[in-house]
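Commentary on secondary and tertiary structure
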Amino acid sequence: MKWNRIIPLVLTASLCFAITNYLNVQASSDYQIVKTKYYTSSTPFHAKYPKQNTYLWNAKHTKRLHNLKNYPNSFWTRAKTVILRKNNKPAVYYYVAGMTPHGTPNLYGYIWRGYLKPGYNPNYKAWNGLDINYFLSDKDYQRYINQSPSQNLSREVLHLFPNARLSLNLSKLTAYGSTLTDFQKQFSDVLIVKNANNAFYNPRGKVTSANQKLTAIKAAFDAHGYNQQKRSALNGYQIGIYYESNRQKGGIFSYDDGYYAGVTVAKSLN
C-alpha cells in the first residue's frame, strides 16, 4: 500500500475522532458549575408554585430527581448556592435537602432559586418543633402557634394576655434564656415570672398535661400580682413565648436543642 493513501485515511479517522470527542464533551457539559457558595446554617425555603411541576436536578442537570409537587407539606433547606452556566448564560441554583413531616429520606438536588420562596412551608398544621430562628415575621410565628399541634399550650397562654401583641423578637430572647439585661437593651417594663416559666416543663419524674401546665402558669402570674384583670390591662405591651411539647429531657429546665421554654411580657423601646 502506498503511503500517500494511508496518510489521508489516518488524518480522516483522527479528525472524525476529534469531532466526536468534542461533541461528547459539549453534550456532557451543557451546564457547568462556575461558582459555589456554602452555608453554615440551613435556611428553609418552600415551593413558590406548589401545584406545578417543579424539579430537583442532579449536578449536571441531566436527570430529574424529585418533583416538589409530590411533597406538598415539605420545606427545603439550602446547603449551598451554585451558578450554573449554559451557552454563556448564568443561572443561580440552590442545592437543597427536603424536610418532610414524616422524615422522608434522601430528598436532595439542585433547583433554580426562582422556584423557591424564603421560609417554612406555611401549612403549619403538619409541623411540630420548628426552629424559632427561621420564622420570617411576627405574623409568620403567629400562624405557626395558631396551627401547629405542638402549640396548644402556647395558644392558651397567649389568651391570658388578650391585649398584648405577639413579638417574634421577644420570643427569640425568651427561647435563648436571655438575662434581664439582654431584654432591657430592647424592651422596658419587662415582666418575667420564674415560677410561670418553670411550669412549662414537666417536674422531674412526672408528666403534666397542657391543662395542668396552664393552671400552674396562671397561678404563678396571679401570685405575682398579675390576675386576669391586670393581664388584660396590658395594652401596648408585647409578648414573647416559646414552647415545644415532647422536647424536654428528664427534669432539666431546658430543651435538647438548647432553647428555653417560657413567656415574657414587655414594652418595646422603639
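In the block above lies the structure referred to throughout.
About the criteria used
- Residues numbered from 1 in each chain as written.
- Predicted model: local features only at pLDDT ≥ 70, side-chain atom pairs only at ≥ 80, totals over all residues.
- Heavy atoms only, no water.
- Helix = DSSP H or I, 4+ residues; strand = E, 2+ residues; numbered from the N terminus.
- Buried < 20%, exposed > 50% of the residue type's maximum accessible area, 1.4 Å probe, protein only.
- Contact = heavy atoms within 4.5 Å.
- Areas by Shrake-Rupley, 256 points an atom, 1.4 Å probe, with all protein chains shown as cover.
- Phe/Tyr/Trp six-rings, centres within 6.5 Å; stacked < 30°, edge-to-face > 60°.
- Salt bridge = Lys/Arg side-chain N within 4 Å of Asp/Glu carboxyl O.
- Pairing = 2+ DSSP bridges.
- Axes fitted to C-alpha atoms, helices over the stretch in contact; angles between N-to-C directions.
- Core = buried A, V, L, I, M, F, W, Y, C linked by side-chain atoms within 4.5 Å.
- Parallel < 35°, antiparallel > 145°, perpendicular 65-115°, else oblique.
- Left-handed = near helix turned anticlockwise from the far one by under 90°.

Describing the overall build of the chain
Check the secondary structure of the chain and you find 8 helices and 11 strands. Taking all 270 residues of the chain together, the buried fraction comes to 39%. Put simply, of all contacts in the chain between residues at least 6 apart along the chain, 64% involve residues at least 24 apart. Taken as a whole, the chain presents about 15,700 Å² of accessible surface, with 52% of it coming from carbon and sulfur.

Looking at the packing of aromatic side chains
Counted according to the given criterion, the structure contains 17 aromatic pairs. Ring plane angle 70 degrees and centroid distance 6.5 Å describe the contact between Tyr 55 and Trp 57, whose orientation is recorded as edge-to-face. Taking the relative accessible area as the measure of exposure, Tyr 55 reaches 22% and is therefore partly exposed. Look at Trp 57 and you get buried, because its relative accessible area is 18%. The rings of Phe 75, Tyr 120, Tyr 124, Trp 127, Phe 135, Tyr 141 and Tyr 144 are connected pair by pair, giving a single aromatic cluster.

Some details on the side chain of Thr 54
Among the structural elements, Thr 54 can be located in the loop between strand E1 (32–47) and strand E2 (55–57). In contact with Thr 54, not counting residues within four places along its chain, are Tyr 49, His 66, Asn 67, Leu 68, Ile 111 and Tyr 115.

Notes on the pattern of salt bridges
Applying the stated criterion across every chain, the model contains 5 salt bridges. Its salt-bridge partner being Asp 138, residue Arg 165 comes within 2.9 Å of it at the nearest N-O pair. Within this pair, whereas Arg 165 is found in strand E8 (residues 165–166), its partner Asp 138 is found in helix H2 (residues 138–147), the two being separated by 27 residues in sequence. The partly exposed category is assigned to Asp 138, whose relative accessible area is 27%.

Here's the deal with the sheet that holds E8
Strand pairs in the sheet, formed through backbone hydrogen bonds, run parallel or antiparallel to each other. A sheet is described by the order of its strands in space; here 4 strands give the open sequence E8-E10-E11-E9, paired in mixed fashion. Both edges of this open sheet fall to E8 and strand E9 (187–191), since each of them pairs with a single strand only. Summarising the sheet, E9 and strand E11 (residues 262–268) pair through 3 bridges and their orientation is antiparallel. Among the inter-strand pairings, Phe 187 is bridged to a residue of E11, identified as Ser 268. The strands touched by helix H4 (residues 168–175) within the sheet are E8, E9, strand E10 (238–242) and E11, with E10 carrying the most contacts at an inclination of about 45 degrees.

Things to note about the nonpolar core
Ranked by internal contacts, the top residues of the largest apolar core, which has 40 residues, are Phe 135, Tyr 141, Phe 200, Ile 217 and Phe 221. Going through the elements one at a time, H2, helix H3 (152–159), H4, helix H7 (210–223), E10 and E11 are the ones with two or more residues in this core. It is H7 that contributes the most residues to this core, 4 residues altogether. If we ignore the near neighbours within four places in the chain, the residues touching Tyr 141 are Ile 132, Phe 135, Leu 166, Leu 168, Ser 171, Ile 241 and Tyr 242. Leu 56, Val 92, Tyr 94 and Val 96 belong to the second-largest nonpolar core, a separate cluster that totals 11 residues.

Details of the packing of H3 against H7
Two numbers describe how H3 lies on H7: the axes approach to 10 Å, and their chain directions differ by 30 degrees. Taken together, the axis directions place H3 and H7 in an arrangement best described as roughly parallel. By crossing handedness, the relation of H3 to H7 is classed as right-handed. Contact with H3, carried on its side by Asn 152, Leu 153, Glu 156 and Val 157, involves Ala 210, Lys 213, Leu 214 and Ile 217 of H7 and no other residues of that element.

Just geometry here; none of it tells us what the structure is for.
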